[in-house]
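Take a look at the letters that make up each chain.
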Amino acid sequence: MSHDDPEQLPDPFNDISIGGWEITDEPLGRLSVWAVSLQGRVWYRENVCHHNPEGSTWSLITTPGEVVQISCGPYDLLWATLWEGQAIVREGIDRNNPQGMSWSIVESPSSENGIMHVSVGVDVVWCVTKDRKVWFRRGVNSHNPCGTSWIEMVGEMMMVTVGLNNQVWGIGCDDRAIYFRQGVTPSELSGKTWKAIVSGRESDRSQTGSSTSLLSAGCFFTDDIQTQTNAIIQGDADTSSDTELPSVPMNPTSTVPVGAASSSSGNSTGSQAEIPANLPADPLDSDQGEATAASTNHEKADLEIPKSAASPNPSAELQWTNIDLKEAQKQPVISVSSFGDTSSLSSLGVFPAGAEEQYGADEHPLWAWVSGGGCLVDLHSPLKWFTAPSGLSCSVQSLSLSITPAQTAAWRKQIFQQLSERTKRELENFRHYEQAIEQSVWVKTGALQWWRNWKPHKWMDVRVALEQFTGSDGMRDSILFIYYMYHEEKKYIHVFLNEVTIIVEVLNEAKHSFALYTPERTKQRWPIRLAATTEQEMHDWLSLLTMSCCESRRIQGPPSHHAIWSVTCKGDIFVSEPSPELEAGPQLMPCDQMFWRQVGGHLRLIECNNRGVVWGIGHDHTAWVHTGGYGGGFIQGLASSADNIYTQSDVKCVYIYENQRWNPVTGYSSRGLPTDRYMWSDASGLQECTKINTKPPSPQWSWVSDWYIDFNVSGGTDREGWQYAADFPASYHGHKTMKDFVRRRRWARKCKIVTNGPWLEVPPVTLWDISVIPSSDADDEEAVALWAISDKGDVLCRLGVTQQNPAGMSWLHVGTDQPFISISIGAFYQVWAIARDGSAFYRGSVSPNKPAGDCWYHIPSPQKQKLKQVSVGRTSVFVLDTNGNLWYRQGITPSYPQGSAWDHVSNNIRKMSVGPLDQVWVIADKVQGSHSLSCGTVCHRIGVQPLEPKGLSWDYGIGGGWEHITVRGNATEASRATGHGTSEENLAVSKDLEDEESKGKTEHSKTPLMVSESQELDRNAVNC
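About the thresholds
- Residues numbered from 1 in each chain as written.
- Predicted model: local features only at pLDDT ≥ 70, side-chain atom pairs only at ≥ 80, totals over all residues.
- Heavy atoms only, no water.
- Helix = DSSP H or I, 4+ residues; strand = E, 2+ residues; numbered from the N terminus.
- Buried < 20%, exposed > 50% of the residue type's maximum accessible area, 1.4 Å probe, protein only.
- Contact = heavy atoms within 4.5 Å.
- Areas by Shrake-Rupley, 256 points an atom, 1.4 Å probe, with all protein chains shown as cover.
- Core = buried A, V, L, I, M, F, W, Y, C linked by side-chain atoms within 4.5 Å.
- Phe/Tyr/Trp six-rings, centres within 6.5 Å; stacked < 30°, edge-to-face > 60°.
- Lys NZ or Arg CZ within 6 Å of the ring centre and 35° of its normal.
- Pairing = 2+ DSSP bridges.
- pLDDT = per-residue confidence, 0-100.
- Axes fitted to C-alpha atoms, helices over the stretch in contact; angles between N-to-C directions.
- Patch = residues over 30% accessible without salt bridge, like charges linked within 9 Å, V, L, I, M, F, W, Y side chains within 5 Å.
- Salt bridge = Lys/Arg side-chain N within 4 Å of Asp/Glu carboxyl O.
- Polar contact = N/O pair within 3.5 Å; in protein donor to acceptor, adjacent residues only side chain to side chain.

Caption draft 1: Expanded view of the overall build of the protein chain. A tally of regular secondary structure across the protein chain gives 8 helices and 57 strands. When each of the 1024 residues of the protein chain is scored for burial, the buried share is 51%. Residue pairs in contact within the protein chain that sit at least 24 positions apart in sequence constitute 60% of those at least 6 positions apart. Carbon together with sulfur atoms contributes 51% to the accessible area of the protein chain, which is approximately 48500 Å² in total.

Caption draft 2: Structural detail: the nonpolar core. Counting residues in hydrophobic clusters, the biggest one holds 34 residues, and the most contacted among them are W615, L767, I770, W787, V795, F820 and W856. Of all elements in the fold, only strand 31 (614–617), strand 32 (623–626), strand 41 (767–772), strand 42 (786–790), strand 43 (795–799), strand 44 (810–814), strand 45 (820–825) and strand 46 (831–835) reach the threshold of two or more residues within this core. Here this core gets 4 residues from one element, more than from any other, and that element is strand 42. Here F820 is in contact with I789, G793, V795, A833, I834, A835, R836, F841 and W856, once residues within four sequence places are set aside. F514, L530, W541 and L542 belong to the second-largest nonpolar core, a separate cluster that totals 30 residues.

Caption draft 3: The packing of aromatic side chains, seen in detail. Considering all chains together, one arrives at 30 aromatic pairs under this definition. Taken together, a centroid distance of 6.0 Å and an interplanar angle of 80° make the contact between W79 and W150 edge-to-face. Pair noted here: W79 is in strand 6 (residues 78–82) and W150 is in strand 12 (residues 149–162), with a separation of 71 residues, a long-range link. W150 carries the same exposure label as W79, and that label is buried. The structure contains a cluster of three or more aromatic residues connected by ring pairs, namely W450, W454, Y484 and Y486. Seen from the ring of W150, R137 lies directly overhead, with NZ or CZ sitting 4.8 Å from the centre. The residue whose ring lies beneath K691 is W747, and the NZ or CZ to ring-centre distance is 3.5 Å.

Caption draft 4: Quick peek at the environment of S913. You can see S913 is positioned in strand 53 (residues 909–914). Taking the C-alpha atoms as reference points, S913 and H940, 27 residues apart in sequence, are found 9.9 Å from one another. Aside from chain neighbours lying at most four places away, what touches S913 is S871, Q919, V920, W921, I965, T966, V967 and R968.

Caption draft 5: Main features of the pairing of strand 31. Neither face of strand 31 is exposed, since V614 and G616 on one face and W615 and I617 on the opposite face are all buried. The turn linking strand 30 (residues 605–608) back onto strand 31 is made up of 5 residues, and G612 within it adopts a positive phi angle of 85°. The pairing of strand 31 with strand 32 spans 3 bridges and is antiparallel. From the neighbouring strand, G616 faces strand 32, where its bridge partner is W624. Turn length for the strand 31-strand 32 hairpin, with the two strands adjacent in sequence and antiparallel, is 5 residues, and the turn residue H621 shows positive phi of about 70°.

Caption draft 6: Fine view of the environment of W194. Following the sequence through the fold, W194 ends up in strand 15 (residues 193–196). Along the primary structure W194 and V168 are separated by 26 residues, whereas in three dimensions their C-alpha atoms are 9.3 Å apart. Here W194 is in contact with W126, V134, V154, M157, V160, V168, W169, G170, Y179, F180 and R181, once residues within four sequence places are set aside.

Caption draft 7: Main features of the confidence of the model for the protein chain. Looking at the protein chain as a whole, the pLDDT averages 78, with 74% of positions reaching at least 70. Scored below 50 in pLDDT, residues 392–401 makes 8 contacts in the model with residues more than four places away or belonging to other chains. Of the regions scoring below 50 in pLDDT, residues 1011–1021 engages in 20 contacts with residues more than four places distant in sequence or in other chains.

Caption draft 8: Here's a closer look at the sheet that holds strand 30. In space, the 4 strands of this open sheet follow the order 30-31-32-40, with antiparallel pairing throughout. Either end of the sheet is taken by a strand with one partner, and the two such strands are strand 30 and strand 40 (759–761). For this sheet the average axis-to-axis angle between neighbouring strands, irrespective of direction, equals 30°.

Caption draft 9: Fine view of the pairing of strand 24 (residues 502–505). Side-chain alternation along strand 24 places I502 and V504 on one buried face and I503 and E505 on a second face that is also buried. Summarising the sheet, strand 24 and strand 25 (residues 512–517) pair through 4 bridges and their orientation is antiparallel. Looking at strand 25, one finds that I503 is bridged to L516.

Caption draft 10: Structural view of a nonpolar patch on the surface. Together, F13, I16, I18 and W21 line one region of the surface with nonpolar side chains, adding up to about 350 Å² of accessible area. Within the secondary structure, W21 sits in the loop between strand 1 (13–19) and strand 2 (32–37).

Caption draft 11: Local environment of the sheet that holds strand 13 (residues 168–172). Across the sheet, which stays open at both edges, the 7 strands sit in the order 9-10-11-12-13-14-15 with antiparallel pairing between neighbours. Each edge of the open sheet carries a strand with a single partner, namely strand 9 (115–120) and strand 15. For this sheet the average axis-to-axis angle between neighbouring strands, irrespective of direction, equals 40°. The sheet contact formed by strand 10 (residues 125–129) and strand 11 (residues 133–138) spans 3 bridges and is antiparallel. Residue pairing across strands places W126 opposite F136, the latter belonging to strand 11.

Caption draft 12: Region of interest: the side chain of Q167. Counting through the fold element by element, Q167 comes out in the loop between strand 12 and strand 13. A distance of 3.3 Å separates a polar side-chain atom of Q167 from the backbone oxygen of V184. Look past the residues within four positions of Q167 in its chain and what remains in contact with it is T161, V162, F180, R181, V184, V377 and L379.

Caption draft 13: Expanded view of the pattern of salt bridges. Tallied over the entire structure, the rule returns 14 salt bridges. When the shortest N-O distance is used, the salt bridge between K570 and D572 registers 3.7 Å. As a salt-bridge pair, R661 and D727 come within 2.8 Å of each other at their nearest N and O atoms. Taken as a pair, R661 in strand 33 (residues 646–663) and D727 in the loop between strand 38 (722–725) and strand 39 (742–757) lie far apart in primary sequence, 66 residues in all. Under the relative-accessibility criterion, D727 is labelled partly exposed at 36%. Residues joined by salt bridges that share partners form a network here, namely E505, K570 and D572.

Caption draft 14: Region of the structure containing the environment of W21. Relative accessible area serves as the criterion here: at 31%, W21 is assigned to the partly exposed category. Spatially, the C-alpha atom of W21 lies 8.7 Å from that of G73, the residues being 52 residues apart in sequence.

Caption draft 15: Spotlight on unusual backbone geometry. Residue P729 is bonded to the preceding F728 through a cis peptide linkage, with omega at -20°. The topology assignment puts P729 in the loop between strand 38 and strand 39. Omega for the bond connecting G959 with G960 falls within 30 degrees of zero, at 5°, which places this linkage in the cis form. Along the chain, G960 turns up in the loop between strand 56 (953–959) and strand 57 (962–966). Positive phi, normally seen in glycine, also occurs at R132, with a value near 70°. One can find R132 in the loop between strand 10 and strand 11. Relative accessible area serves as the criterion here: at 23%, R132 is assigned to the partly exposed category. The phi angle at H621 is positive, at roughly 70°, despite the residue not being glycine. Along the chain, the position of H621 falls in the loop between strand 31 and strand 32.

Caption draft 16: Local environment of the side chain of T893. Looking at where T893 falls in the secondary structure, it is placed in the loop between strand 51 (886–890) and strand 52 (901–906). In terms of polar contacts, T893 uses its side chain to reach the backbone amide nitrogen of Y896, at 2.9 Å.

Following this line, the structure appears as C-alpha cells:
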C-alpha cells in the first residue's frame, strides 16, 4: 500500500477511470488514475507507472461542484459529471502536468434533464441525460476539449462506454441489452446506428467451443482459477458418474465482446459459492441429465448427472454456503466445451457467480454495466457479435477448419463455370424469340426518422426504401417508401420521385433533417420531413434522391441561361428550368409544379440575366461569379460536373438580445414583469436565447468568434450598446429619456461554413446588392451592364463583363451624396436605386457608350413609407417598402422615365424580382396552407399583361424558408406580344397603357397575399 497520511486518505470510491497512456511523448507504462469519492470529490493517483503500478499518493483535485462520475481517455481528454447535471472538462493536461490546470463547465444538452453519464475516447465525448437520451459532442479535440455543441443520437440508453479507437457500446434503456455503435470511423465519429450484441445463454450456444481461447483468457485470472480450468480439461474422462453436484441451479451466463460486463436484477438470491468467483458459469441441463465435455483434440466424453441433483425449483431461496476453493476444484463445475468460440472476441465477460438474474427459458440477462475501455475493434474485419453461433458438431467444425481458402476459391470457380454452361444450354432453345422488355430494379434501404403526420407531432423511427426501375428505353423512375408503426400496426406511405418538386435540407441545430415536397404537399405547406443519424448519412440520401429526381425528369448538366434562381434562408441555392407556360398561354403552369434542384455553394442573394451571367453575394458580403458548372457540395457523381467546382466559405452573424426593465430601486435590471419577454431572447422576444444555449444555425457551421456587443443597430445605440423604449415591443432609440422603462442591446457572434460549388470569388470589394441588365438580344462579345452597391453603400459599375468573361475587369465608382442599399437596371438601361434613408433615385443618361450615366434624380417615396428594394424589368418598375408593401410606378414614358405616381399592389412581401418580360415574382412573408403556415414562400404574380402590368392575383409556389429569388434570366417568350423595338417604342407603348389604366383602376390588382394573421407560428410551421 502507499504511504498516504491516514487523515488524508480519500472517502470510499464511487467511480474510477484510467487513461492517459497515449499522451504525446509520454513514457511507456505511465497511467493517469482518476477516482470519485462518495462525497463527490475527485482524487488523482500520483506516479502510477510500469515500475510502480500501485502509485504513491492520492491528490485531491478541487472541483466546481460535487462530482458523481468521471471518464478519462487514452490521451488528454477528461470529463466528469456533476450532481447538478452539468459536465466539467479538465483543461491543460499534458506530459508535464498530467493533472491538468483548470475545469471548464459544459452545460447539459437538455435544460430539463441534466447529464447522468459521460464517456470519452480519443477525441470523442458521449453522454446520457437523465431522460436516457444519448448525445454526441461535436468539435472535441486536444485544442478544444470542451467541443462546440451537442447532437442528439437515436435511441435511449442506460449508459455508454467508449473504446480504444472511439468505438462505442451501450446498454439499452428498455431491453437492458448490450448495443454496439456501428459505422464509427475516423471520418464519421458519431457512427450510424445501434446494433444489439447477441449475448444469449450457454444452452443456446454451440457446444463445441474452443478450449484454446478459454486458456488464453485464463491469463487474466488468478492461479487458482487456471488450475481449476486445467483440472477440468485433463480430468473430464476420469470423473465418475456418481459425482455429487451442488444442489443449487447454476445460472446461465455468456461471453460478451467487451472489456467487462455485469448483469443484475431485483430478485438475485445470493452468492453461489459452488462456482469459483469471476468464472463464467454454464447452465447444466437437468432435463437431459448430462453435460458434454470436449478436450483440446475434440474428443467427446459423456458425464452423467443424477436427475435428483438438480433443484426442481430454480427460484427457490438459496442458502448461504462457504466452500473452500480447493474442494471446489474436485467438482466438475463447468466444461470447456460449453463456451462458444471466443477467439474472435476482444476479451471474456467476467462477473461474480450469483450476481446474475434467475431468468426463464425465453428471457435474457438484464445488463447493468459495460466497459469497453480495453477493447480495440478492427474496423476492416467483420464482427461476429450480432448472430448466435450455428451450433455445428465438432466433426463438422473440424471439417470446415481443414478447408483452405485456395480450395474454396477453386470450388467457387468450378461452380460458376458449370452454372454458366447450363445457362447457355437452356437459352439455346429460346434464341428465335423476340427480346422481351427488360426491367431492372435497384433498391436502397435505411433507417431514418420521420416527422409523423398525426398529433402529437414528433420524430419517430422508420424504415425507408428507394426502389428504382429502369426500362428497356433507359428511362428511370423511382418510388420512395416510408414504413412506420401506427398503433402497433405496420403501415407505409410512398411518393413517386417524378412528382417530387424539391428536396431541401431543413435548418435544425439538433437534427440532420431534410424535406420532400410535391405539388399537393406544397399546397398543404406540410412536406415529408426525414432526419438521419449523421450528417454524412443525410448527405448520402440527399445526393441519391436528388440524382433520382433529375433522372426521372431527364434533367442533367448545368443550369440554362433562362433558369430561375432562388436562395433559402439557410443559404442553400436552388435553380429551376422555366416552362413557356409559366408566364402565359392557354394553360398556365402552376408554380407549385416547378422542379427545383440544388446547386452547391452558400450565398445570401443571386442575380442573373439570360446570357448566362450569374453573380452572387455571401453573408460576409463576398462577391462570387458562377463558373458554368453544376453540382458541388454534397451532390457528387453524375449529378455534379467534374470541373469548375471550387472551395467556397461564408461567414455570418448570429444575434441575440439582452433585455432589461427599469426598477425604481435598482435601476435597469434583468428582472422583468411576468408578462415581459425573456431577458435573453431573439429579436421577437418569443424564444429564449442565452449565450450558452444559442448554437450555430446547423451542424455544418462552427463558431469563429466570441460574443460581442453589436453597435450597428437600426435606431442607434448608446456607448454601451443599449437601445431604449417605453415598453416591449416598441420603436427603439439610442438615448434614454424619462419615458423609457425598458432597454435592450444586441449581441453578435460569427460562425463559418466551408463548402464547395461552381463559384469563383471576385475580389477585393465586398458587396451588399447587385443587378445585371436583363438583356434579350445582344452579341456574345457585347458588354453586359452590371451595377452593384458595396457594403459601405457606394454605387459601383462593373466594366468588361461579357458572356465569355462574366467576372468582368474592374469597378467604376459612381458618386452619390449618401449611402445606398438597393439597385436595379432594366432591359433598356434604366437604373433605379434606393438610398439608406428609404428614398428612391433614378440615374439619367445610362447607355452602352456611357455606362455610368450622368446624374441622379430623386423620386419621392410612397407617403409615409420607407423603401428598401427596387427591381426594374422591361418597362415596369416595382419597389418594396420596409412594411412589406409592393408598389408599382405609374406614368413612365420616354420623355419622363421617372414616372408620375406609386400604385399599391400587395402587402406581406419580403423580397421581389421583376424579369425581362415584366413578370413579377416575390418571396411572401407568410402563406397559410391547408395543414400549416409557411414563412418565406415563392409566389408568382399571374395575369401580368400589357394592359394589366400589375397583374391580377397570386399563385403560390415552394415554401417556406425561402429568402431570395431572381427571374431576371427568364426571357422565355410565351404567346403574348413581345417587343423587339427600341427603348423609345416600348416606353411609348407603356405610356398608352398608362393612359388606358388611368381611366379606371381595377381593384382586383391589389389582391393581397393569402395569409391568416390570426394563425400563430408554432413548431409545426414551415419557416426559416
